[in-house]
Amino acid sequence: MPGRVILACDLCCCVWMGCVVTIIDLHRHISLFFAAIEICRHVQGTHLVSILGVAGFMQAVALPFGLGKLAFFCLGIQWLAFIPAFKWKTEFFYDLTGSLTFLATIFLSLYAGAWPPHPRQQMASLLIMVWAFRLGYFLFTRIIQHGKDSRFDTVKHDALLFLQYWSVQGLWVFLTCLPVLICATKKGEGVRNPAWPIPSDLVGMLVFLVGMGVEMGADFQKYQWQNDWQHRDEFINTGLWSWSRHPNYAGEMTLHLGVFLLASGSYTRPLEWVCAAMGPTFIVLLLYKVSLPMLEKRANARWKDNKMYKVYMQRTPAILPGVPEWF
C-alpha cells in the first residue's frame, strides 16, 4: 500500500506539474522547487520528497487562479490534524478531518467569489458539500463501529509515512474541489454563461444524482450484507455488486464527472478546463490504481479457495463495465 500511494502521488505530480508548467511558464519557480526536492532526496528519503512534491504541486496548480491560500488551507489542516493523530497513534479522525476540510474549503471559496453567488456557483458548491457530508458521516460511523482502519496498522507508527498519508488527503480534497473552486471564486464578468440553467448545468446535475444514487445504494447494500450474520464469511455479489465488484467507486467517479460538467459552464479559458479536469481524473487514478488493488489483494487472500469467488472475479468488471482490467 505505501508503495502504491507513493507511486500514484508521484505519477500525478509529475504528469500534471509538467502540463501546468508548460502552459503558464513557471520555469524559474519550478526549477528552484525541484532543486530543493533533490536536496531533500539525499537527506530524508522518499517520504519527505513526496510530501514536498504534494505541497509544491498544489501551489503550482492553484497559482493561476488565485487559489494559493485555499490550497495551503487544505494541506495545513491535514498537517495540524497529523500532530495529535501521530501522538496518539490513531487514525480515528482521519476521514472526518478530510470531510470537514471539504466543507470549510467550499465555504471559503464562496466567500472569496461574487456575492451573492451565481446559481451555478451555489449549486456546484451544494452538490460537493452534500457528497462530502454523506461520505464523511458514512466513514466516521464505520470506524466507530470497527474501532480501526486496517490501512493504518503499520503506517501510523512511522512519522513521515503517516504525514504523507495526511498530505495526500489534502491533495485529494483540493483536486476534488478544484472544478468547483475555479467556478465559485469567479466574480462579475468572469462568470461565463450567466443564464441559468444551461444544458451543461442540467446534464451535470443529472449525472451527479445518478452517481450519488449508485454510491449510496452500493454502500447501503454492503452495510446490510456485512451486518447480516448469515453473510459474515461470504463476499457480496448481489444487487449493484452483481454487475460491478466496486459499484460504490463507479458511483463516485460518475458524480464527480457531474460536478465537473455543472461547474464547466463558468469556465472561460482553456487552462481552467485543463486544471478542473484534474479533479475527476485524480479520482479515477486514485480508485483504480490505489484503492482497488489494495481491497482486492485482501479479498483474494480471504477467499482464495472459494470457487464462486473466482467465477465472480472473472465475470464481473472491477468498477465500470467495458473498462479493461489493465487500466
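Residues numbered from 1 in each chain as written. Predicted model: local features only at pLDDT ≥ 70, side-chain atom pairs only at ≥ 80, totals over all residues. Heavy atoms only, no water.

Student: What am I meant to see in the overall build of the protein chain here?
Tutor: Secondary structure summary: the protein chain contains twelve helices and zero strands in total. Helices and strands appear in the protein chain in the N-to-C order α-α-α-α-α-α-α-α-α-α-α-α. Looking at the protein chain as a whole, 51% of its 327 residues qualify as buried. Considering only intrachain contacts with a sequence separation of at least 6, the fraction spanning at least 24 residues in the protein chain is 80%. Of the roughly 16100 Å² that the protein chain leaves accessible, carbon and sulfur atoms contribute 67%. (Helix = DSSP H or I, 4+ residues; strand = E, 2+ residues; numbered from the N terminus. Buried < 20%, exposed > 50% of the residue type's maximum accessible area, 1.4 Å probe, protein only. Contact = heavy atoms within 4.5 Å. Areas by Shrake-Rupley, 256 points an atom, 1.4 Å probe, with all protein chains shown as cover.)

Student: I would appreciate a short explanation of the pattern of salt bridges in the present structure.
Tutor: Here the idea is simple: oppositely charged side chains can pair when their charged atoms come close. This structure, assessed with the given rule, holds ten salt bridges. Notably, a salt bridge pairs arginine 151 with aspartate 95, separated by 3.8 Å at the nearest N-O pair. Within this pair, whereas arginine 151 is found in the loop between α6 (119-146) and α7 (159-184), its partner aspartate 95 is found in helix α5 (residues 94-112), the two being separated by 56 residues in sequence. Residue classification places aspartate 95 among the buried residues on the basis of a relative accessible area of 13%. Within this structure, Asp95, Asp149 and Arg151 form a network of salt bridges that share partners. (Salt bridge = Lys/Arg side-chain N within 4 Å of Asp/Glu carboxyl O.)

Student: Please clarify how the nonpolar core should be interpreted in this entry.
Tutor: Across soluble globular proteins, nonpolar side chains show a tendency to be buried alongside one another. Counting 61 residues, the largest nonpolar core has Leu67, Trp131, Trp172, Phe174 and Ile319 as its most contacted members. When neighbours within four sequence positions are excluded, phenylalanine 174 is seen to be in contact with Met58, Val61, Ala62, Leu67, Ala71, Cys74 and Leu181. (Core = buried A, V, L, I, M, F, W, Y, C linked by side-chain atoms within 4.5 Å.)

Student: Would you mind going over α7 with me for this structure?
Tutor: An α-helix turns once every 3.6 residues. As a result, residues three or four positions apart point the same way. The end-to-end C-alpha distance of α7, which contains 26 residues, comes to 36 Å, matching closely the 38 Å that a straight helix rising 1.5 Å per residue would cover. By the largest-angle criterion, leucine 178 marks the main kink of α7, which is about 55°, and a proline, proline 179, follows within four residues. With respect to burial, α7 is a largely interior element, 24 of its 26 residues being buried. Its side-chain oxygen 3.3 Å from the backbone nitrogen of leucine 160, aspartate 158 forms the N-cap of α7. (Expected span 1.5 Å × (residues − 1). Bend = angle between axes of the 7 residues up to and from the residue. Polar contact = N/O pair within 3.5 Å; in protein donor to acceptor, adjacent residues only side chain to side chain.)

Student: What's the story with the confidence of the model for the protein chain in this structure? I'm lost.
Tutor: Reading fine detail from the predicted coordinates is not recommended where pLDDT is low. The predicted model of the protein chain has a mean per-residue pLDDT of 86, with 83% of residues at 70 or higher. The least confident element of the protein chain, judged by mean pLDDT, is helix α2 (residues 27-43) at 44; the most confident is helix α9 (residues 247-263) at 97. (pLDDT = per-residue confidence, 0-100.)

Student: Looking at this structure, how should I read the side chain of threonine 90?
Tutor: The residue threonine 90 is located in the loop between α4 (68-87) and α5 in this model. In this structure, threonine 90 is in contact with Ala85, Lys156 and Phe162, ignoring residues within four places of it in sequence.

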